[in-house]
Amino acid sequence: MTSTPSADTAFQPADLGTLAVISWSGEHPEEEKDMPFLLAYSLGDGPGGPDASAQAVRGLLEQTGLPVGGDVQDGAGQPSFPVSLLVQAGQAVINMPYLNAQCVVPPEWLSAAEARGYAYFVFTTRPWPSATPGEPVTEEDLAAFAGDEETLIAAAHCRLPVRELRG
């Protein structure tokens, strides 16, 4: 007996398009110290266009066990949590089933991550075609996209403990 995956949750890696991760640190409305943030998104440039990229990201998140639009998932104390964060040599590396991503993080992000022991990770299904990897993003553009209700509702949210390689 064979079965075919549902079109709603089928994950086709090619449909993701270009994935990117961007970092910043800043105020968190409920806390005093700066929060280190990581935002993962697709450029929406997969073969099926932005809609297919959004569906592929949703499928990836669902297969990974991360709810889109749900509560903040806390990776601390959960050894089998599907996403992990490694910080080494000025870079943040996100590991999850089907993909690994890394980005260079600024010194203030590293300080915030060290002070807290975790980072706030958002993986949105909403494509952001104008935020091309390697090109600068203005604070205004970042705030407009990352702070937009549509971006946040269409995302999985996690607190990821910071892990480092030990020498």
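In what follows, the structure referred to is the one given above.
### Here we look at helix α1 (residues 49–64)
Taking 1.5 Å of rise per residue, the 16 residues of α1 would be expected to cover 22 Å, and the 23 Å separating its terminal C-alpha atoms lies within 8% of that figure. Listing the buried residues of α1 in full gives Gly49, Ser53, Ala54, Ala56, Val57, Gly59, Leu60, Leu61 and Thr64. Of the residues one or two after α1, glycine 65 is the one with positive phi, at around 95°.

### Notes on the environment of glutamine 88
With respect to the helices, strands and loops of the structure, glutamine 88 is situated in strand β4 (residues 84–88). The partly exposed category is assigned to glutamine 88, whose relative accessible area is 35%. It is 10.0 Å that separates the C-alpha atoms of glutamine 88 and valine 105, two residues lying 17 residues apart in sequence.

### Focus on the packing of aromatic side chains
One pass over the full model with this rule turns up 6 aromatic pairs. On the basis of an interplanar angle of 15° and a centroid distance of 5.0 Å, the ring pair of tryptophan 24 and phenylalanine 37 is categorised as stacked. Here tryptophan 24 is found in strand β1 (residues 19–28), whereas its partner phenylalanine 37 is found in strand β2 (residues 31–42), with 13 residues between them in sequence. Phenylalanine 37 sits in the buried class, given a relative accessible area of 11%. Relative to phenylalanine 145, the ring of tryptophan 128 has its centre 4.3 Å away and its plane inclined at 5°; by these criteria the two rings are stacked.

Rules behind the numbers
Each chain has its residues counted from 1, running along the sequence as written. Given that the model is predicted, a residue must reach a pLDDT of at least 70 before its local features are reported, and side-chain atom pairs must reach 80 or more before they are shown or counted; all residues, however, enter totals for whole chains, interfaces and linings. The basis for the side-chain values is all heavy atoms of the structure; hydrogens and waters are excluded. Helix and strand definitions follow DSSP, with helices as H or I runs of at least four residues and strands as E runs of at least two, each counted in order from the N terminus. In this analysis, the expected span of each helix is defined as 1.5 Å times one less than the number of residues it contains. Type-normalised accessible area, obtained with a 1.4 Å probe on protein chains alone, sets the label of each residue: buried when under 20%, exposed when over 50%, and partly exposed for intermediate values. Between rings of Phe, Tyr and Trp, where Trp is taken as its six-membered ring, a pair exists when centres lie within 6.5 Å; planes separated by under 30 degrees are stacked, by over 60 edge-to-face, and by other angles tilted.

In short, geometric facts, not functional conclusions.
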